[in-house]
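Analysis of the macromolecular model
One letter stands for each residue in the lines below.
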Amino acid sequence: MVPVAKDGLMTSTLPRPALRPGVLPILAAAVTAVLWASAFVAVRAVGRDFSAGALTLGRQLVGSLALTCVVLARSLRRGGFPRLPRGRLLVAVLGWGAAWFGLYNLALNTTERHLDAGTTALLVNLAPVLIVVLAGFLLGEGFSGRLMAGLLVAFTGVALIAATTWRGGGELLGVLCGLAAALLYAGSATAQKRLLVRIDALILTWLGCLTGLLVALPFGPELFRQAAAAPAGAVLGIGYLGVFPTAIAFLTWGYALSHVPAGRLAASTYVIPPLVVLQSWLLLGEVPAPLAFLGGALCLAGVAVATVTGVRRARR
């Protein structure tokens, strides 16, 4: 069926089976989860030498360069540069990019400077629940009992992981920034689902990352000053954050989101907290408490409950 225009964007009227995941979208979602989990560990390490704004700018700068190389390579292979959005569609893309790549990263980095990792994970992981609600009302995806039950189980697991890493204290600014990050995450993911009807994942991710770079440009002097004094490992850490959790992970997220309902894909991101615990254990030597293993198991069980229906239908 033909997409229908509304306010400069396009809402898809494709039958629901076209949105069910195949093998490649599932693999793309898995890559996104692993790389986004690694970002929490990298930000924790790099944040000792870079402020929230400088870290955001450095990450978007490297990510923009990497995505620009990919866009140019594809253009050379296809014999022409892709057509860019215009008018209201371009305004929507710029607003989405400023929120998703710019403001979200600023809020997340600020949160991790004021709160422990467990509390940060608990606040940010309000986003998948919000995405399900927004997608149910705005994208017509509905509210299946299995999906809601899976979200409840997974969120309980996140709460257990947070309880094991909470060290007390905390500041109001960190809490407010964590809630802001969750809201920006949910709103951006829902808006991206509509934008992907008109723009392919690579171009949308590239434009979004460039917009995030522009938002963070005021932190340029701060970035260069801190980079000059930082150890080489911290500078390489920013390079890693720009190439892998930003350029690659946001691209695979966009590809998966163009094939999978937003609510179901959001539920799959609850595998990230147990992955963070595992990576922190292996890379930073942070031994998790026994309760964290139980929380991780609940996260994985919740994801299985929420997404297994879509996988079975895709196989059939």
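Definitions and limits used
Residues numbered from 1 in each chain as written. Predicted model: local features only at pLDDT ≥ 70, side-chain atom pairs only at ≥ 80, totals over all residues. Heavy atoms only, no water. UniProt positions renumbered as here; feature names shortened; annotations may be inferred. Phe/Tyr/Trp six-rings, centres within 6.5 Å; stacked < 30°, edge-to-face > 60°. Helix = DSSP H or I, 4+ residues; strand = E, 2+ residues; numbered from the N terminus. Buried < 20%, exposed > 50% of the residue type's maximum accessible area, 1.4 Å probe, protein only. Salt bridge = Lys/Arg side-chain N within 4 Å of Asp/Glu carboxyl O. 1 Å grid on protein atoms, 1.4 Å probe; cavity = no way out; pocket = protein on both sides within 12 Å on 5 of 7 lines; lining within 4 Å. Points joined across faces, edges and corners; volume = space filled by probe spheres on them. Nonpolar A, V, L, I, M, F, W, Y, C, P; charged D, E, K, R; others polar. Patch = residues over 30% accessible without salt bridge, like charges linked within 9 Å, V, L, I, M, F, W, Y side chains within 5 Å. Areas by Shrake-Rupley, 256 points an atom, 1.4 Å probe, with all protein chains shown as cover. Core = buried A, V, L, I, M, F, W, Y, C linked by side-chain atoms within 4.5 Å. Contact = heavy atoms within 4.5 Å. Axes fitted to C-alpha atoms, helices over the stretch in contact; angles between N-to-C directions. Parallel < 35°, antiparallel > 145°, perpendicular 65-115°, else oblique. Left-handed = near helix turned anticlockwise from the far one by under 90°. pLDDT = per-residue confidence, 0-100.

The protein is annotated in an unreviewed UniProt entry as EamA family transporter from Enemella evansiae. Here the protein is described in UniProt, under the heading Sequence similarities (unreviewed entry), as follows: "Belongs to the EamA transporter family."

Describing an aromatic ring pair means giving the distance of the ring centres and the angle of the ring planes. Summed over all chains, the structure comprises twelve aromatic pairs. Summarising the aromatic geometry, the rings of Trp100 and Phe250 are spaced 5.2 Å apart at their centres and angled 80° between planes, so their arrangement reads as edge-to-face. With Trp100 in helix α3 (residues 87-114) and Phe250 in helix α10 (residues 232-257), this residue pair connects regions lying 150 residues apart in the sequence. Judged by its relative accessible area of 1%, Trp100 is buried. Taken together, the ring pairs in this structure connect Trp36, Trp96, Trp100, Phe101, Tyr104, Tyr185, Phe250 and Trp253 into an aromatic cluster.

This part covers the environment of Pro128. Residue placement: Pro128 occurs in helix α5 (residues 127-138). Classification of Pro128 as buried rests on a relative accessible area of 0%. For the pair Pro128 and Ala182, spaced 54 residues apart in the sequence, the C-alpha separation amounts to 8.4 Å.

On inspection of all chains with the given rule, the structure shows one salt bridge. Where Asp200 meets Arg74, a salt bridge forms, and the shortest distance between an N and an O atom there is 3.3 Å. Of the two residues, Asp200 is situated in the loop between α7 (172-195) and α8 (201-216) and Arg74 in helix α2 (residues 52-78); the sequence distance between them amounts to 126 residues.

Attention now moves to empty space enclosed by the protein. Inspection of every chain in the model, using the stated rule, returns one cavity of 30 Å³ or more. Computed from the structure, the largest cavity encloses a volume of approximately 210 Å³. What lines the largest cavity is a set of 17 residues, among which Trp36, Phe40, Tyr104, Leu108 and Ile272 lie closest to the centre. Among the secondary structure elements, those contributing two or more residues to the lining of the largest cavity are α1 (23-46), α3 and α12 (272-284). No other element matches the five residues that α3 contributes to the lining of the largest cavity. Of the residues assigned to the lining of the largest cavity, the class counts are twelve nonpolar, three polar and two charged.

A surface patch of nonpolar side chains, amounting to about 340 Å² of accessible area, comprises Leu172, Val175, Leu176 and Leu179. Mapping Val175 onto the fold places it in helix α7. With relative accessibility at 31%, the residue Val175 sits in the partly exposed group.

Here we take up the nonpolar core. Formed by 49 residues in total, the largest nonpolar core has its most connected members in Trp36, Trp100 and Tyr185. In terms of residue count, the dominant contributor to this core is α3 (eight residues). Residues in contact with Trp36, not counting those within four places in the same chain, are Trp100, Tyr185, Pro245, Ala249, Phe250, Trp253 and Ile272. In terms of nonpolar packing, the next biggest core, distinct from the first, is built from 15 residues, Leu55, Ala216, Ala234 and Ile238 among them.

As a further point, take the environment of Val71. Counting through the fold element by element, Val71 comes out in helix α2. With a relative accessible area of 2%, Val71 lands in the buried category. Sequence separation between Val71 and Phe81 is ten residues, and the spatial gap between their C-alpha atoms is 8.3 Å. Sequence-distant contacts of Val71, defined by excluding residues within four places in its chain, comprise Phe81, Leu202, Ile203 and Trp206.

Between α2 and α8, the least distance of the axes is 8 Å, while the angle of their chain directions is 150°. With respect to each other, α2 and α8 are oriented roughly antiparallel. The two elements α2 and α8 cross, and the hand of that crossing is left-handed. For the pair α2 and α8, contact is made by Thr56, Leu57, Gln60, Leu61, Gly63, Ser64, Leu67, Thr68, Val70, Val71 and Arg74 and by Leu202, Ile203, Thr205, Trp206, Cys209, Leu210, Gly212, Leu213 and Ala216, respectively.

Predicted confidence across the protein gives a mean pLDDT of 80, with 75% of residues reaching 70 or more. Long-range and interchain partners of residues 1-21, a stretch whose pLDDT sits below 50, account for 41 contacts in this model, where long-range means more than four residues apart. Note that residues 310-316 has pLDDT below 50 and, in this model, six contacts with residues that lie over four places away or in other chains.

A few words now on the packing of α8 against α10. Axes are the key here: two packed helices are described by the angle between their axes and the distance separating the axes. Between α8 and α10, whose axes approach to 9 Å, the crossing angle comes to 135°. Relative to α10, the element α8 is oriented oblique. Relative to α10, the crossing made by α8 is right-handed. Within the contact between the two elements, α8 uses Ala201, Leu202, Thr205 and Cys209 and α10 uses Thr246, Phe250, Leu251, Gly254 and Tyr255. Taken together, the residues that form the contact of α8 with α10 break down as six nonpolar, three polar and no charged.

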